[in-house]
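Report on the structure
Given next are the chains, with one letter for each unit.
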Amino acid sequence: MPRRHDAPRVPARPHDLAHDDAFSRVLYERHGAVLLNFALRLCNGDRHRAEDIVQETAVRAWQHREILDPTTDRVRTWLFTVAHRLVIDHYRARQARPNEVGDGESEERAVPDPAERVVTLRAVLEVMNELTEQQREILIYTYYLGHSVEQTAAALGLAPGTVKSRAHYAMRALRASLRDRAVMD
């Protein structure tokens, strides 16, 4: 039985290998990194499971390549929905069968890739340079140095409300720039 959000089936046209290759390439270039980050969160940092989810999502997108346009951001919603459903389906399947050897709770979780953390840190530092001096200063005091709002206000000679407001707008600008760079979604 088709799900409510599944793409409708259309008759397949003869395979155009160049079109198929271009579809997959554009899909991964535009949405691959964001989809992997989304899947990592859904899979609690288990990179191998997240990569499997991304691959299965890409296969399903490829199966619907006649009606999906990978060059638009609208397809991202469809990809996220499919990935979310796949994670739920895998979770339900694991709950329906008995635990296998190595499925125990004591088993260590996969450690996130340190290279990915370095890339993210570098992107954050680049974006920090795009912020105003006031925004950078507030973020350094509150997030990097770990000062409270009151401590930051005292150090900078500002009212606590001003610190909160500047921190809010600085984080909003930081998130927007990171989204534009596809570092976060």
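Refer to the structure printed above.
Note that the structure is a prediction, hence the values are computed from the model and not measured.

Before going further, it helps to examine the pattern of salt bridges. For the coordinates displayed, the defined rule picks out four salt bridges. Between R47 and E51 there is a salt bridge whose closest N-O contact spans 3.2 Å. Highlighted residues: R47 and E51, both in helix α2 (residues 47–63), separated by four residues, approximately one helical turn. The class for E51 is partly exposed, based on a relative accessible area of 34%. Put simply, R136 and E133 hold a salt bridge, and the shortest N to O gap is 2.7 Å. Of this pair, R136 and E133 are both found in helix α5 (residues 133–144), three residues apart, which corresponds to roughly one turn of the helix. Residue class for R136 comes out buried when judged on its relative accessible area of 19%.

Looking now at the packing of aromatic side chains. Within a pair of aromatic rings, the relevant descriptors are the distance that separates the centres and the angle that separates the planes. Taken as a whole and assessed by the stated rule, the structure comprises one aromatic pair. Centre to centre, the rings of F38 and F80 are 4.3 Å apart; their planes meet at 10°, and the pair counts as stacked. Here the residue F38 occupies a position in helix α1 (residues 17–42), and F80 occupies one in helix α3 (residues 74–96), the gap between them amounting to 42 residues. Directly above the ring of W62 sits R65, whose terminal nitrogen or CZ lies 3.9 Å from the centroid.

Another aspect to go through is unusual backbone geometry. Positive phi outside glycine occurs at N44, with the angle close to 55°. By the element assignment, N44 lies in the loop between α1 and α2. For N44, a relative accessible area of 56% translates into the label exposed.

Analysis parameters
- Residues numbered from 1 in each chain as written.
- Predicted model: local features only at pLDDT ≥ 70, side-chain atom pairs only at ≥ 80, totals over all residues.
- Heavy atoms only, no water.
- Salt bridge = Lys/Arg side-chain N within 4 Å of Asp/Glu carboxyl O.
- Helix = DSSP H or I, 4+ residues; strand = E, 2+ residues; numbered from the N terminus.
- Buried < 20%, exposed > 50% of the residue type's maximum accessible area, 1.4 Å probe, protein only.
- Phe/Tyr/Trp six-rings, centres within 6.5 Å; stacked < 30°, edge-to-face > 60°.
- Lys NZ or Arg CZ within 6 Å of the ring centre and 35° of its normal.

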